[in-house]
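Coordinates in review
Chain by chain, the residues run as shown.
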Amino acid sequence: MSVLLMIGTGKGLFLARREQPGQAWQVGVPHFPMTAIYAVGIDPRPATPRLLAAIDSSHFGPSVAVSDDLGASWREPEEAPIAFPAGTETSLRRVWAFAPGSAAGDPSVVWAGTEPSALFKSVDGGVSYELVQSLWDHPHRPQWGEGFGGQAIHTITPHPADPDRVLVAMSTGGVYRTTDGGRTWSATNTGIKAYFLPDQFPEFGQCVHKVARDQANPERLYLQNHHGVYRSDDDGVTWTSIADGLPSDFGFPVVAHPGRGDTLWNFPLTADGSRFAPDFKCQVFRSTDAGKSWQPQSAGLPTEPFYSTVLRDAMCTDTADPAGVYFGGRSGEVYASPDEGESWERVATQLPGILCLRAVAL
Amino acid sequence: MSVTVLVPSALRTEIAGEKSVSVDATGDLAAVLAEVERQWPRLGRRLRDEQGQLRRYVNVYVDGEDCRGLAGLATPVADGAEIQVLPSVAGGSEFTAADGDKVLAANFADWVRDLSLTVEEVGADYATLRLPWSARLAREGGALSGQALMAAADTATVIAISSARGGFGPMTTVQLNATFQRPVVGVDVLVTARLTKLGRSMAFAQVDMVAGGVLAAQATTVYALL
């Protein structure tokens, strides 16, 4: 079975292919060279999965391109794919996230999250988008802040069985969800700590780093916070800590198994003020019991001291069974595990800094 | 009213590989860019954001003057004007120092190449070249000859103009004035040519020549762009 891995970097999009487990990875030349690729997406619903890439030129601004031939060719509409309407007096700075719509809904829906924090919706498969005005008009919006990376909606997780339910996360601001197809939005951060605020458990304002939805039990979500790892069992309304079994509760990514419940991975860093892997050891942590316990996985990963950072979208799974797991560092190395983290191999080295990864089994 | 818009190489795919487009627009720069966007929407949105603001690292020159030093998008544009779009160096110049070295290798007389000039740095309106010390370039008394400095200043101007225009084009020196302020002995000279005006047919530059951290000589140059 072949796997396609999209690698978004600070200087372009790289596509890596591996035809069979055990075979070598083939990494191509960069698409969109000299642009930063902060978000990539793979929509598995078309017969040939559609690839999405957020292109960010420091000179010529942000845009979105799509490919329907697995990256052989790309197209970009004439008009800006994502643009703030005139009344907002706001300009798009960067696209941070793509998410195909609910599997139970309109197959042409694709969501995008942006900086500044806003949600956009496409009904043409991700080619062009419109602002979700209801979230933009949320009374909390003037109080949403920004973390070091900028103020953005970086996570969108539609409910796979109910297209009316969508959860988004932003830094800072926290988790918001709709249960009525996007007409209204509520902050749902109960239990998530904001240690950097005087009120450490506010209604909103948390610096959530990433949220992943359990694919077998979609009411269950996992959340990596700016200190804190949490689980929700009520579709993101309330949250409880699952950090006890980890060496640290800081980090950026969290990913869920593509099919099997209660299985997830993250990449802990020591602390906000020490953004290094604990003991400078390159290892991911996996839980197979929804976060009650965690096991380090490092077979095949470098044994030298590891000083790199794994960003929020620089870790993913593919759609295979057993699942492939992938992560990349700001130092430009990408690692893959074909067996759910039991063993690892290096996909590429000396790439530009890795910003985001997405993978699909073909 | 017709104006010419010169498009940098990075954006020429949006206009079928052409180097420039002609548009009919009257009034100010905003009107010209709006007409560009109407005809070539993808080119237009790479120059201005969705609220109509010029992108931060896109520079637009109206008849050789940076619009940000004039009235910005409200800068009046006369019939026949030339609008030049250039990416700022802040986001990574498309003309690199390595490109400058290629221009040096391909476009100068043998004896100028024998100076062993190298391009240290280029930007949207400047170039810095290194003139390595060589006893062969010294005059009687041991100091670097003024002739070598003048050749370096002249050459640095060509690289600065090439950088500003995104590539080399035919040009010729019209005038070069030099002042020699301190002797240079035994050290390399950094020669920085900074364009004070880049128009359609003329370019003007000031050149500072620094040796061992102090100013050794200055020049002003005028070029005709052919």
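We now turn to the structure provided with this report. Predicted model only: the values in this text are computed from it and were never measured.

**Things to note about the overall build of chain A**
Regarding its fold elements, chain A presents one helix and 27 strands. A compact globule built from 362 residues would reach a C-alpha radius of gyration of about 21 Å, and chain A, at 19 Å, matches this within 12%. When the backbone C-alpha atoms are referred to their principal axes, chain A occupies close to 50 × 45 × 40 Å. A sequence separation of at least 24 residues applies to 49% of the contacts in chain A between residues at least 6 apart. When the accessible area of chain A is evaluated, it comes to approximately 13500 Å², of which 51% is carbon and sulfur surface. The positive charge centre, built from 27 side chains, and the negative charge centre, built from 40, are 2 Å apart in chain A.

**Concerning the interface of chain A and chain B**
Taken residue by residue, the interface counts 21 residues in chain A and 17 residues in chain B. Summed over both partners, the interface of chain A with chain B comes to about 1500 Å²; 48% of that surface belongs to carbon and sulfur atoms. At the boundary of chain A and chain B, one finds three salt bridges. For the pair chain A and chain B, the number of links is 15 residue pairs in polar contact (both at pLDDT 80 or more). Considering only residue class, the side of chain A that touches chain B consists of 10 nonpolar, seven polar and four charged.

**Things to note about a nonpolar patch on the surface**
The grouping of Phe276(A), Phe280(A) and Tyr307(A) at the surface amounts to a nonpolar patch, some 300 Å² of accessible area in total. Locating Tyr307(A) in the fold gives a position in the loop between β22 (295–297) and β23 (315–317).

**Quick notes on the packing of aromatic side chains**
Residues and elements named next belong to chain A. Counted by the stated rule, this structure contains 16 aromatic pairs over all chains. Summarising the aromatic geometry, the rings of Trp144 and Tyr176 are spaced 5.4 Å apart at their centres and angled 65 degrees between planes, so their arrangement reads as edge-to-face. Taken as a pair, Trp144 in the loop between α1 (133–136) and β11 (152–159) and Tyr176 in strand β13 (residues 174–178) lie far apart in primary sequence, 32 residues in all. Judged by relative accessible area, Trp144 falls into the buried class, the value being 7%. Given the relative accessible area of 0%, Tyr176 is considered buried. Between Tyr195 and Phe196, the aromatic rings sit 5.7 Å apart at their centres with planes inclined by 80 degrees, giving edge-to-face as the arrangement. For Tyr195, a relative accessible area of 31% translates into the label partly exposed. Relative accessible area serves as the criterion here: at 36%, Phe196 is assigned to the partly exposed category. Grouped by ring-pair contacts, the aromatic residues Phe267, Phe306, Phe327, Tyr335 and Trp344 constitute a single cluster. Taking NZ or CZ as reference, Arg141 lies 3.6 Å from the ring centre of Trp136, over its face.

**Some details on the side chain of Gln224(A)**
All names here are of chain A. Here Gln224 is to be found in strand β16 (residues 221–225). Residue class for Gln224 comes out buried when judged on its relative accessible area of 1%. A polar atom in the side chain of Gln224 sits 2.9 Å from the backbone oxygen of Asp249. Apart from the residues within four sequence positions on either side, Gln224 is in contact with Val208, His209, Lys210, Val229, Asp249, Phe250, Gly251, Phe252, Pro253, Val254 and Asn266.

**Concerning the pairing of strand β5 (residues 50–57) of chain A**
Residues and elements named next belong to chain A. Burial runs high along β5: eight of the eight residues are buried. Residues Arg50, Leu52, Ala54 and Asp56 line one face of β5 and the alternating positions Leu51, Ala53, Ile55 and Ser57 line the opposite face, and both faces are buried. Pairing of strand β4 (residues 36–43) with β5 involves six bridges; the strand directions are antiparallel. Within β5, the position partnered with Ile42 by the bridge is Leu51. Hairpin remark: β4 followed by β5, antiparallel, with six residues in the connecting loop. In the sheet, β5 pairs with strand β6 (residues 61–67) via seven bridges, with the strands oriented antiparallel. Across the sheet, the residue bridging to Ile55 is Ser63, located in β6. Between β5 and β6, which pair antiparallel in sequence order, lie three residues.

**Quick word on the side chain of Ser102(A)**
All names here are of chain A. Position of Ser102 relative to the elements: it lies in the loop between β7 (94–100) and β8 (110–115). Ser102 gets classed as buried once you look at its relative accessible area, which sits at 6%. Within polar-contact distance, the side chain of Ser102 engages the backbone oxygen of His159 at 2.7 Å. Discounting chain neighbours no more than four positions away, the residues touching Ser102 are Arg45, Pro158, His159, Pro160, Ala161, Asp162 and Pro163.

**Quick notes on the sheet that holds strand β12 (residues 162–171) of chain A**
The strands making up a sheet associate through hydrogen bonds between their backbones, and the pairing can be parallel or antiparallel. Residues and elements named next belong to chain A. Within the open sheet, the four strands sit side by side as β11-β12-β13-β14. Their pairing is antiparallel. The two strands at the open ends of the sheet, each matched to only one other strand, are β11 and β14 (186–187). Strand direction decides the pairing type here: β11 and β12, joined by seven bridges, are antiparallel. When the sheet's bridge partners are listed, Pro158 is paired in β12 with Val166.

**Here's the deal with the sheet that holds β23(A)**
Residues and elements named next belong to chain A. Strand order in this open sheet of four strands is β23-β24-β25-β26, and the pairing throughout is antiparallel. A single partner strand is all that each edge strand has here, and the edge strands are β23 and β26 (345–348). Each neighbouring strand pair of the sheet contributes to a mean axis angle of 25 degrees, computed without reference to strand direction. Where strand β24 (residues 325–328) meets strand β25 (residues 334–337), four bridges bridge the pair, whose relative direction is antiparallel. Of the residues in β25, the one forming a bridge with Phe327 is Tyr335.

The rules behind each value
Residues numbered from 1 in each chain as written. Chains lettered and ligands numbered in written order. Predicted model: local features only at pLDDT ≥ 70, side-chain atom pairs only at ≥ 80, totals over all residues. Heavy atoms only, no water. Helix = DSSP H or I, 4+ residues; strand = E, 2+ residues; numbered from the N terminus. Rg over C-alpha atoms; globule rule 2.2 N^0.38 Å. Contact = heavy atoms within 4.5 Å. Areas by Shrake-Rupley, 256 points an atom, 1.4 Å probe, with all protein chains shown as cover. Lys, Arg positive; Asp, Glu negative; His and termini not counted. Charge placed at Lys NZ, Arg CZ, Asp CG, Glu CD. Buried area = accessible area lost by both parts, 1.4 Å probe. Salt bridge = Lys/Arg side-chain N within 4 Å of Asp/Glu carboxyl O. Polar contact = N/O pair within 3.5 Å; in protein donor to acceptor, adjacent residues only side chain to side chain. Nonpolar A, V, L, I, M, F, W, Y, C, P; charged D, E, K, R; others polar. Patch = residues over 30% accessible without salt bridge, like charges linked within 9 Å, V, L, I, M, F, W, Y side chains within 5 Å. Phe/Tyr/Trp six-rings, centres within 6.5 Å; stacked < 30°, edge-to-face > 60°. Buried < 20%, exposed > 50% of the residue type's maximum accessible area, 1.4 Å probe, protein only. Lys NZ or Arg CZ within 6 Å of the ring centre and 35° of its normal. Pairing = 2+ DSSP bridges. Axes fitted to C-alpha atoms, helices over the stretch in contact; angles between N-to-C directions.

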